[in-house]
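Topology and contacts: notes
The residues making up each chain are set out below.
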Amino acid sequence: MSAAAPGASGLGVLGPSGHADGDRGTAGERRRAVAGEAGRPPWTVREAPWLLVALHLPFVVSPPLFTITRRDLPAGEAAAVVAVALALGALQLHHSLAASQLRRPRAWAVSFLAVAALTYVPMWWYTWDWAVAQWMVIASAAMVLRGRPAVLATLPALGTGVVTAHSLIAVDRTSVAMAGVWAVYYTAVLAMGAAALYGSARLVGVIAQLDAARTEVAELAVGRERLRVSRDLHDLLGQSLSAVSLKGDLAIRLLATDADAARSEIESLTGVARGALRDVRAVARDEHAVSLAAEVDAAAALLGAAGVAVRVDVDLPDPAYRVEEVLAWAVREGATNTLRHSDATTCSITADRAGGRARLAIVNDGARGTASGGRGLAGLAERARELSGSVTARPAGGDSFRLVVEIPEEGP
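The structure contained in this document is the topic of the report that follows. (Residues numbered from 1 in each chain as written. Predicted model: local features only at pLDDT ≥ 70, side-chain atom pairs only at ≥ 80, totals over all residues. Heavy atoms only, no water.)

Let us look at helix α4 (residues 75-100). With 26 residues, α4 ought to run about 38 Å at 1.5 Å a step, and its terminal C-alpha atoms sit 37 Å apart, in line with that. Among the residues making up α4, those that are buried are Ala78, Val81, Ala85, Leu88, Gly89, Gln92, Leu93, His95, Ser96, Ala98, Ala99 and Ser100. (Helix = DSSP H or I, 4+ residues; strand = E, 2+ residues; numbered from the N terminus. Expected span 1.5 Å × (residues − 1). Buried < 20%, exposed > 50% of the residue type's maximum accessible area, 1.4 Å probe, protein only.)

Right under this line is the structure:
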């Protein structure tokens, strides 16, 4: 089978014209857009700090509630107890918000000592009624202390258990078994409260991390889709636009000598343009399919119309779909580059399989200058790499240029 075609110079130019990304908005705006598109409730991120406040509220309310209701405090003293509890809760929230971002707050040593003071000074008067406030000391210690000092976070709960057991046995003459039960009870209450405070801070942090990860994944998906559209438009329109240019030039030359032939070329040009429009729509819907046989025939016809003698020897029956797709794109890219970047008079297109690999080679005899990689060859190499294949484009001696694509038949 023969026809005519220019050499595949291997220069993959004709990148699609595109617009710069421009102002893509702030990170928050992108996150809100992703949240809306994915149908997830946006409050999960925007309202996370308020969720942390709500989860802390029961632990702030408990110490003054126990103290006021059990001791029947006067209004002024009750107000002072509530004020101390609110200050204690604000300091704990300061630590928790920082912990949700995996960091220590500013002046953490001062704020931690303030939490300890607001917890243990009132215990001098209110003893066991205020003791539950210790879960904020434990939680804050776990959030701000690092290394060995973090062990101090366990002391309030263990110390409360020991003091409880000693008090019940030595003062109230309670049995050892019952004292042990109460000691475990108080220790568990403090440990669970502190764990809840610490866990709520980490929960809010995880929500923020998941939101950031989801936004990043969405942006990566958008980026991949842009690359796909860019690559497909380049590969599809490169040959079509080259054909339009070729047929337009031929029609202009024929107008003066053969009006009927010129009209025929213009009609053919219109058909190529309509085909390019269909291709663009297919790319937008990711529905474009290519065939190796069809691309070989189209390349031979196009190159022949340009006055290049084409030799075709394709012995590759029933290739895997993805392998055939990459080889078909290679034929299109090679033919386009031959037309645009060479002065070839002959071109060969061969394909076969050996050693479990499908191999396509396009060789022309009219390479111009030194080859350099372009967008088309980069996109072709990317397609081949997805199937663990390779693309080689280099001069082959003299004025010849060779484009070789090899793809494992089994794929990755």
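Position of Thr67 among the secondary structure elements: in helix α3 (residues 48-71). Here Thr67 falls in the buried class, since its relative accessible area comes to 0%. Side-chain polar atoms of Thr67 contact the backbone oxygen of Pro63, separated by 2.9 Å. Discounting residues that sit within four places of it in the chain, Thr67 has contacts with Leu73, Val81, Tyr126, Asp129 and Trp130. (Polar contact = N/O pair within 3.5 Å; in protein donor to acceptor, adjacent residues only side chain to side chain. Contact = heavy atoms within 4.5 Å.)

So, on to the pairing of strand β4 (residues 357-364). With six of eight residues buried, β4 is to be regarded as a mostly interior element. Here strand β3 (residues 346-354) runs beside β4; their pairing, made up of eight bridges, is antiparallel. By the bridge assignment, Ile349 is partnered in β4 with Ile362. Hairpin geometry of β3 and β4 is characterised by an intervening segment of two residues between the two adjacent antiparallel strands and by a positive phi of about 60° at Gly355. Pairing between β4 and strand β6 (residues 401-408): eight bridges, direction antiparallel. (Pairing = 2+ DSSP bridges.)

Next up on the list: the nonpolar core. Inside soluble globular proteins, nonpolar side chains tend to come together where they are buried. Counting residues in each nonpolar core, the largest one holds 35 residues, and the members touching the most others are Trp130, Trp135, Met136, Ile138, Met143 and Leu197. Breaking this core down by element, the ones donating at least two residues are α3, α4, α5 (108-126), α6 (134-144) and α8 (176-255). When residues in this core are grouped by element, the largest group, eight residues, is from α6. In this structure, Leu197 is in contact with His56, Phe59, Gln92, Trp135, Met136, Ala139 and Met143, ignoring residues within four places of it in sequence. Counting 34 residues, the second-largest nonpolar core is a separate cluster that includes Ala328, Ala335, Ala351 and Leu380. (Core = buried A, V, L, I, M, F, W, Y, C linked by side-chain atoms within 4.5 Å.)

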